[in-house]
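Geometric and topological summary
Here are the chains, one letter per residue:
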Amino acid sequence: MHLYYWLACAAFCALVLGEHGPPRKVEMEGLLELVQSPSETYRSPCWQTGSTVTCLPGFFIIGGAKCGTTDLAMRLNKHPLLALSHHKEPHWWTRCSTYRKKPCPSHDNMNALNISLQAYLKNWEHEELVSKNQLAFEASCSTISDFRQGYVIPQLLKRVYREYSSKLKFLLIARNPVARAWSDYVYFKTRILIKKQEKSKAIDLPDPKEFHEWITDEISHFRTCNLRYTPVDCILNKLPQRWDLRRAVIKHGLYHPVLELWLQSFEPTQFLVLSSESYFANTSKYLKQTIDFLGLPEYTKEELSEALMSGIANEKETLLDVLPPATHHHLSVIKMLPETKELMISFHKPFQEKFVTLSRQTWQGTNH
């Protein structure tokens, strides 16, 4: 049964995505026509049409999922010269409008593309961006590796942003991939619990044995794929986001192959890589480091104090609020099986070693 799903999904991915390559011509040419060359007057990449100033984000928190992107983005947004998108994760560059009903650049005509682009741009108040000369940013955790539209995001950004592309800033906050995978699984299952509860269906609690099966299957699929394709091809194009009602959790912790791909389009100094564990252990230090990386004035004492007080309530706890009390204890005490942890540590070790080495070439490695 597992082989059947793997072959079916592989065929689907190959049909829809193909090899990762340049953006499709219609979308690329359309975006180049709609997005004008940014003016050097503004901190954000803005351009003026008549009396109207329009701005795109100049800073992206590109991932990773379940690593602290929301907490980091909300705290950074307390800096007076940063402007977070109204929707913290627009997913505009990565996900089609048929996915979660959100707009993106995947359209086959200029009118639809322009409507989609304008909806994305409404994430920022452009008058305030201009008057305060703020840096617009967003934090879609899908940006780093969700290329299901059939184009490579860093290649797309580099061409659309033109000369401003050398000024773009990217931040990746990466968590221990073993802990990240478990957190992702529990969160995904908890979301399903809520949906089932809303429809009065039987509740299926997260199960360490089930998680072990997920991990075993996904690692097996990855290794089979890697016999024919590079790791980055397997992550981006060959492995499905979900199959057999499961969520892929291993591949989202494979940071090295996708960061290496991004570095083919942008300079290492345009990237800041943070450890999720280090960030939460010393939030003040890494907020200051991020502001330094962005070339912005330091937080004042009052601004930093407000930023440190503005953390996000744990999303899992928020979800628990709407679940029956009987499920709370189970969700608070379950842990992955020891053999699952050992399997993932062994699998991730070579990728993590390369990721640490690659991270040293980015901004913080050359400036600190």
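One can find the structure itself at the top, above this paragraph.
Please read all numbers here as calculations on a predicted model, not as lab measurements.

Section: the overall build of the protein chain
If you tally the helices and strands in the protein chain, you get 17 helices and 9 strands. When each of the 368 residues of the protein chain is scored for burial, the buried share is 53%. Within the protein chain, contacts between residues separated by at least 24 positions form 77% of all contacts whose residues are at least 6 apart in sequence. Accessible area for the protein chain stands at about 17,400 Å²; split by element, carbon and sulfur atoms hold 53% of it.

Points about unusual backbone geometry
The omega torsion across Gly 63 and Gly 64 is 0 degrees, close enough to zero to call that bond cis. Considering the arrangement of structural elements, one finds Gly 64 in the loop between β3 (59-63) and α3 (69-76). Of note, Asn 133 is a non-glycine position whose phi angle comes to about 50 degrees, a positive value. Of note, Asn 133 is situated in the loop between α5 (126-132) and β5 (135-138). The class of Asn 133 is partly exposed, set by a relative accessible area of 26%. Positive phi outside glycine occurs at Arg 162, with the angle close to 50 degrees.

Here's the deal with the sheet that holds β5
The pairing of strands in a sheet comes from backbone hydrogen bonds and takes either a parallel or an antiparallel form. One open sheet accounts for 5 strands, arranged β4-β5-β3-β6-β9; its pairing is parallel. Here the strands that pair on one side only, and so sit at the sheet edges, are β4 (82-84) and β9 (271-275). If you compare each strand with its neighbour and ignore which way they point, the axes differ by 25 degrees on average. Note that β4 and β5 share 3 bridges and pair parallel. Residue pairing in the sheet places Leu 84 in a bridge with Phe 137 of β5. Strands β3, β4, β6 (169-174) and β9 of the sheet are contacted by helix α12 (residues 283-293), whose axis makes an angle of about 175 degrees with β9.

Digging into the pattern of salt bridges
The tally for this structure, following the rule as stated, stands at 6 salt bridges. We note a salt bridge from Arg 75 to Asp 71, for which the minimum N-O separation is 2.7 Å. With Arg 75 and Asp 71 both in helix α3 and 4 residues apart, the pair spans about one turn of that helix. With a shortest N-O distance of 3.7 Å, Glu 306 and Lys 78 are connected by a salt bridge. Highlighted residues: Glu 306 in helix α13 (residues 301-308) and Lys 78 in the loop between α3 and β4, separated in sequence by 228 residues. Classification of Lys 78 by relative accessible area gives partly exposed; the value is 33%.

Here we look at the packing of helix α10 (residues 255-262) against helix α16 (residues 338-359)
Packing of α10 against α16 leaves a shortest axis separation of 8 Å and a crossing angle of 35 degrees. Touching Tyr 255, His 256, Pro 257, Leu 259 and Glu 260 of α10 are Phe 351, Gln 352, Lys 354, Phe 355 and Leu 358, all from α16.

What counts, and where the lines are drawn
Residues numbered from 1 in each chain as written. Predicted model: local features only at pLDDT ≥ 70, side-chain atom pairs only at ≥ 80, totals over all residues. Heavy atoms only, no water. Helix = DSSP H or I, 4+ residues; strand = E, 2+ residues; numbered from the N terminus. Buried < 20%, exposed > 50% of the residue type's maximum accessible area, 1.4 Å probe, protein only. Contact = heavy atoms within 4.5 Å. Areas by Shrake-Rupley, 256 points an atom, 1.4 Å probe, with all protein chains shown as cover. Pairing = 2+ DSSP bridges. Axes fitted to C-alpha atoms, helices over the stretch in contact; angles between N-to-C directions. Salt bridge = Lys/Arg side-chain N within 4 Å of Asp/Glu carboxyl O.

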